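A structural walkthrough
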Amino acid sequence: MRITVTGEHDEITRRRIAGAAGDAYVAFAADPADGIELADAVVGHVPEPLLARAPRLRWVHSPAAGVDAVLSDGLLDSDVVLTSATGNGAIPLAEQAMLLVLMLDRDAPRWLRAQSERRWDRYVHGELAGRTIGLYGLGHAGLDLAAKAKAFHMRVLGVRRSPDRPAPGVDELFGQEDLGRFLAESDFVVVTAPLTAATRGRFGRSEFAAMRRTACFVCVSRGGIADDGALLDALRRGEIAGAGLDAHGVEPLPPDSPFWSLPNVIVTPHNGATTHETARRGLEILLDNVGRFTRGEPLRNVVDKAAGY
């Protein structure tokens, strides 16, 4: 049995992966094409042309939580099992979302500008208690954010494919067909959903028009769920009050992007989950799955390829 592990890993990590594999051979390769004909499993992205050259391939693991970058049509149509590191960055993503919500609600950039000018600038700002936060996506990050929002005494709404399933910390659940009412009731709309065929471009002109003019849009999961042109128009026209964007339709965000200079937008460089603990949790998921694979046990975090997560 051969497991090919792509990407850069230090010696300690390599030893841990090899140890988890037992008697299986682990090949560390910069290019997934190296030995692809012999690979039973690959950790990392397998470009679609390589799939035809991998008759033994049974498992692909994405070191990222989102699989939109690795789920090609060929992989989708194959019998290869795809797993991910979903859940590894849920805690810091939820923290990032709360950071952006707080910064928007209190106009934190105004304080930072005043500090840089050594100017004492006191003003009346908002508070989150009693406000409504709407979570588009109730996976690991969404549920962790729900708990954090409740700690701020907020009312929490959520959208999920199966609204009949309860979600801890969520006061009211909505299906996709009730998205308009969900948006109209939210003071903050936070996107924590994965990028899939169903969510791509889900927030367009009509969705931003359905939001309150005093509401803010926050995205911490994947760009592309919001139509950037529609979001820019909504911000410029005052259809919504502001936006906090850690995930962007084009990354890195181009220097000439209007998002950088809009006064009611806070931009961070898709950095919300870049923590040592995210990496540690991701490695633990991988080690667990390597052991499961070599022992012939069910894998953890198996992706529903048709759903995209």
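Now for a quick tour of the structure. (Residues numbered from 1 in each chain as written. Predicted model: local features only at pLDDT ≥ 70, side-chain atom pairs only at ≥ 80, totals over all residues. Heavy atoms only, no water.)

1. Quick look at the pairing of strand 2 (residues 25–29)
Relative to strand 2, strand 1 (residues 2–6) runs parallel, the two sharing five bridges. Residue pairing in the sheet places V5 in a bridge with F28 of strand 2. Considered for its hand, the β-α-β crossover made up of strand 1, helix 1 (residues 11–20) and strand 2 is right-handed. (Pairing = 2+ DSSP bridges. Helix = DSSP H or I, 4+ residues; strand = E, 2+ residues; numbered from the N terminus. Right-handed = clockwise from strand over helix to strand, strands pointing away.)

2. Quick look at the nonpolar core
Ranked by size, the top nonpolar core spans 32 residues in total, and within it F203, F208 and F217 carry the most contacts. Broken down by secondary-structure element, the contributors of at least two residues to this core are strand 7 (155–159), helix 7 (179–184), strand 9 (188–191), strand 10 (216–219), helix 9 (228–236) and strand 11 (242–245). Counting residues per element, this core draws most heavily on helix 9, at five residues. Discounting residues that sit within four places of it in the chain, F217 has contacts with V189, V191, F203, F208, M211, A226, L231, I240, G242, A243, G244 and L245. (Core = buried A, V, L, I, M, F, W, Y, C linked by side-chain atoms within 4.5 Å. Buried < 20%, exposed > 50% of the residue type's maximum accessible area, 1.4 Å probe, protein only. Contact = heavy atoms within 4.5 Å.)

3. Thoughts on unusual backbone geometry
It is generally the case that most residues other than glycine have a negative phi and that most peptide bonds are trans. Of note, the amide linkage connecting E251 to P252 takes the cis form, showing an omega dihedral of -5°. With respect to the helices, strands and loops of the structure, P252 is situated in the loop between strand 11 and strand 12 (265–267). Backbone geometry at H153 places phi at a positive 65°, although glycine is not the residue there. If you trace the backbone, H153 turns up in the loop between helix 6 (140–151) and strand 7.

4. Considerations on the pattern of salt bridges
Following the criterion strictly, the structure yields 24 salt bridges and no others. Close ionic contact of R16 with E284 constitutes a salt bridge, the shortest N to O distance being 2.8 Å. In this pair, R16 sits in helix 1 while E284 sits in helix 10 (residues 276–295), placing the two residues 268 residues apart along the sequence. For R16, a relative accessible area of 37% corresponds to the partly exposed category. Classification of E284 as partly exposed rests on a relative accessible area of 31%. Residues R300 and D288 are paired through a salt bridge, measuring 3.2 Å at the closest nitrogen-oxygen approach. Highlighted residues: R300 in the segment after helix 10 and D288 in helix 10, separated in sequence by twelve residues. Accessibility expressed as a relative area gives 35% for R300, which makes it partly exposed. Members of the salt-bridge network, linked through shared partners, are D105, R131, D187 and R212. (Salt bridge = Lys/Arg side-chain N within 4 Å of Asp/Glu carboxyl O.)

5. Topic: the packing of helix 4 (residues 90–106) against helix 6
As a packed pair, helix 4 and helix 6 sit with axes 8 Å apart at the nearest point and diverge in direction by 50°. Here helix 4 lies oblique to helix 6, going by the angle between them. Between helix 4 and helix 6 lies a crossing of right-handed hand. Facing helix 4, whose interface residues are A90, I91, L93, A94, E95, A97 and M98, helix 6 presents H140, A141, D144, L145, K148 and A149. For the contact of helix 4 with helix 6, the per-class residue count stands at nine nonpolar, one polar and three charged. (Axes fitted to C-alpha atoms, helices over the stretch in contact; angles between N-to-C directions. Parallel < 35°, antiparallel > 145°, perpendicular 65-115°, else oblique. Left-handed = near helix turned anticlockwise from the far one by under 90°. Nonpolar A, V, L, I, M, F, W, Y, C, P; charged D, E, K, R; others polar.)

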